[in-house]
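The residues making up each chain are set out below.
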Amino acid sequence: MANDKPKSNDSIGRTFLVVFVLCLVCSIVVAGSAVGLKAQQQEQKLLDKQRNILDVAGLLKPNMTTAEIKETYISRIQPELLDLKTATLEKGNGDFDLNNALRSDETSIALSPEQDLAKIRRRANMAEVYLVKDEHGKTTELVLPIYGSGLWSMMYAFISIDVDGVTSRGITYYSHGETPGLGGEVDNPQWRKQWVGKKLYNPQGAPALKIVRGGAGDNPYGVDGLSGATLTSNGVQHMFDFWLGDNGFGPFLKKVREGALKDG
């Protein structure tokens, strides 16, 4: 009877040792998997971005392979860095990280409530934009990244704009958490088609795009509001109010309207 207690203690000790070893092994496996998959995850993230840019530019064909997407992107898309302070382009290499830029006061600015129409709180000083080239290397349109708050989420999109700096050629929302069937209709191909040919600015150069509740009809500046999703529609409107304005891409698009991209 005197030896029962030490045996019990030994059993408990062995149990804790086994649990510790299992936890350690699992931690090593999980950490190793995360490191091993990181490169693959980054590759998929880049491929998804390229696919969405080709889509909004009208260059994505059905059943394109990964190799075809990469080849088309390299041959037809030219990434550039836009200095939003000076509205000037700098050579980009496609690795701009918006999230990192937003973390620093040196690379981003805080927006006042009056400025923050899209409810994004901060705006990076630089933005990666994409020049779309034809088969002869001439710029035919540009793709701009825009984002803003919807009902439930931050909504991220690409808008394609003609080299006239006025006419929309397409839009795609590539990340959002809006309600399926309501605000989630920003993904609906029929709603997206409405954006083709819409005018973003009026003849005086002021932002003019409007999300119209009840239907835009033949309004050259209007896009139908999302049925049953007023707050998401408002979010879309506020995104364009901000990004087409002076604190967004407005100064750069003014230069585009003046012919900055028409020579290539």
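Quick notes on the rules
Counting of residues starts from 1 at the beginning of each chain's written sequence and follows it residue by residue. This being a predicted model, a pLDDT of at least 70 is required before a residue's local features are given, and a value of 80 or more before pairs of side-chain atoms are given or counted; all residues contribute to the totals for chains, interfaces and linings. For the side-chain quantities, the full set of heavy atoms in the structure was used; hydrogens and water were omitted. UniProt positions are given in the numbering used here, feature names are shortened, and annotations may be inferred rather than shown by experiment. We count a stretch as a helix when DSSP gives it H or I for four or more residues in a row; a strand needs E for two or more, and each element gets its number in order from the N terminus. What a helix should span is 1.5 Å times the count of its residues minus one. To sort residues, take the accessible area from a 1.4 Å probe on protein chains only and compare it with the maximum for the residue type: under 20% means buried, over 50% means exposed, and anything in between is partly exposed. Buried Ala, Val, Leu, Ile, Met, Phe, Trp, Tyr and Cys residues that are joined via side-chain atoms within 4.5 Å together make up what is termed a nonpolar core. We call two residues contacting when some pair of their heavy atoms lies within 4.5 Å. In this analysis, strands are considered paired if DSSP registers two or more bridges between them. Take a side-chain nitrogen of Lys or Arg and a carboxyl oxygen of Asp or Glu: if they are within 4 Å of each other, that pair is a salt bridge. Note on method: axes are straight lines fitted to C-alpha atoms, helices fitted across the in-contact stretch only, with angles between N-to-C directions ranging 0 to 180 degrees.

Below, the discussion takes up the UniProt feature "modified residue: FMN phosphoryl threonine" (unreviewed entry) in the protein chain. Here the UniProt-annotated "modified residue: FMN phosphoryl threonine" (unreviewed entry) positions come out as Thr230. If you trace the backbone, Thr230 turns up in helix α5 (residues 230-243).

Turning to its location among the elements, Leu209 is positioned in the loop between α4 (189-193) and β9 (210-212). When the C-alpha atoms of Leu209 and Gln237 are compared, they prove to be 7.9 Å apart, with 28 residues separating the residues in sequence.

A few words now on α5. Taking 1.5 Å of rise per residue, the 14 residues of α5 would be expected to cover 20 Å, and the 20 Å separating its terminal C-alpha atoms lies within 8% of that figure. For α5, every residue scored as buried is listed here: Thr232, Ser233, Gly235, Val236, Gln237, Met239, Phe240, Phe242 and Trp243.

Tyr173, Trp195, Phe240 and Phe249 are the most contacted members of the largest nonpolar core, which totals 41 residues. Within the residue set of this core, elements represented by two or more residues are β5 (126-133), β6 (139-149), β7 (154-162), β8 (168-175), α5 and α6 (250-257). No other element matches α5, which puts 5 residues into this core. Leaving out residues up to four positions away in the same chain, Phe249 has contacts with Leu82, Leu84, Ala127, Val129, Leu144, Pro145, Ile146 and Trp243. Ranked by size, the runner-up nonpolar core spans 14 residues in total, among them Ile53, Val56, Val132 and Phe158.

All right, on to the pairing of β8 then. The sheet contact formed by β7 and β8 spans 6 bridges and is antiparallel. Within β8, the residue paired with Tyr156 across the bridge is Ser175. Connecting β7 to the antiparallel partner β8 that follows it, the hairpin turn spans 5 residues, and Gly165 within it adopts a positive phi of roughly 75°.

So, about the pattern of salt bridges. Enumeration over the complete set of coordinates arrives at 8 salt bridges. Between Arg122 and Asp105 there is a salt bridge, and its shortest N-O distance comes to 2.8 Å. With Arg122 in strand β4 (residues 122-124) and Asp105 in the loop between α3 (98-102) and β3 (108-110), the pair connects residues that are 17 residues apart, well separated along the chain. Classification of Asp105 as exposed rests on a relative accessible area of 65%. Here Glu141 makes a salt bridge to Arg169, at a shortest N to O gap of 3.6 Å. Of the two residues, Glu141 is situated in strand β6 and Arg169 in strand β8; the sequence distance between them amounts to 28 residues. Given the relative accessible area of 4%, Glu141 is considered buried. When its relative accessible area of 35% is taken as the criterion, Arg169 is described as partly exposed. Salt bridges sharing partners connect three or more residues here, namely Glu141, Asp162 and Arg169.

Moving on: the sheet that holds β7. What holds strands together in a sheet is hydrogen bonding between their backbones, with the strands either parallel or antiparallel. Strand order in the open sheet formed by 6 strands is β2-β1-β5-β6-β7-β8, and the pairing between neighbours is antiparallel. Each edge of the open sheet carries a strand with a single partner, namely β2 (88-91) and β8. Averaged over all adjacent pairs, the angle separating strand axes in this sheet is 30°, with direction ignored. Packed on one face of the sheet, helix α2 (residues 66-76) meets β1 (77-83) and β5 and runs near 55° to β1. Where α5 meets the sheet, it contacts β6, β7 and β8, and its direction lies at approximately 125° from that of β6.

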